[in-house]
Amino acid sequence: MSKNDKSNIPYAQREQGYREKALKMYPWICGRCGREFSGKRLSELTVHHKDHNHDNNPEDGSNWELLCLYCHDNEHSRYTDSQYQTAPRPGADLGPKTTFKAFAGLGELLDKGKRD
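What comes next concerns the included structure. Keep in mind that what you see is a predicted model, and the values were worked out from it rather than measured.

Conventions used here
- Residues numbered from 1 in each chain as written.
- Predicted model: local features only at pLDDT ≥ 70, side-chain atom pairs only at ≥ 80, totals over all residues.
- Heavy atoms only, no water.
- Core = buried A, V, L, I, M, F, W, Y, C linked by side-chain atoms within 4.5 Å.
- Buried < 20%, exposed > 50% of the residue type's maximum accessible area, 1.4 Å probe, protein only.
- Helix = DSSP H or I, 4+ residues; strand = E, 2+ residues; numbered from the N terminus.
- Contact = heavy atoms within 4.5 Å.
- Expected span 1.5 Å × (residues − 1).
- Arc of directions from axis to C-beta.
- Polar contact = N/O pair within 3.5 Å; in protein donor to acceptor, adjacent residues only side chain to side chain.

### Observations regarding the nonpolar core
- Membership of the largest hydrophobic core comes to 13 residues, with the highest contact counts inside it found for C30, F37, L45, V47 and L66.
- At 4 residues, strand β2 (residues 64–68) tops the list of elements feeding residues into this core.
- Excluding its chain neighbours within four sequence positions, the residues that come into contact with L66 are A22, L23, Y26, P27, I29, C30, G31, L45, T46 and V47.

Here it is as structure tokens:
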């Protein structure tokens, strides 16, 4: 098994490794809401992968940020929601092109009514 082949290592074991590294590298503060954690509450601080790839764990921690459980859940919800939305097309916000003209010919009808 090569150094970069982590497919046989259980996820929980891989997570524990990068979690320990992240907690040594970064202050124990949520990167979104700014709450501080220590003691028993440290378990509420999670490691978030910025690119959402849990196998991308560079030694310098550049793909990690510490987030509290709530902010981490929110981030993943936003990411999941964005997966279901399509990218906006230029001009899509302008609405459909209308070709029907409701009052076309109204003047002629009114003139015809005056003649009758």
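Past the structure itself, the notes keep going.
### Section: helix α2 (residues 69–84)
- Between its first and last C-alpha, α2 extends 23 Å over 16 residues, near the 22 Å set by a 1.5 Å rise per residue.
- Of the residues making up α2, those classed as buried are C71, H72 and E75. Each buried residue of α2 lies within a common arc of 105° when the element is viewed along its axis, so the set occupies one face. Facing away from the buried surface of α2 by more than 90 degrees, the exposed residues are Y70, D73 and Y84.
- Looking at the buried positions of α2, the neighbouring elements they touch are β1 (45–49) and β2.

### Re the side chain of N57
- With respect to the secondary-structure elements, N57 resides in the loop between β1 and β2.
- A polar side-chain atom of N57 sits 2.7 Å from a polar atom in the side chain of H49.
- Within the local environment of N57, its side chain forms a polar contact with the backbone oxygen of H54, the two atoms lying 2.9 Å apart.

### A few points about unusual backbone geometry
- The phi dihedral of H52 falls on the positive side, at around 65°, and the residue is not glycine.
- Residue class for H52 comes out buried when judged on its relative accessible area of 17%.

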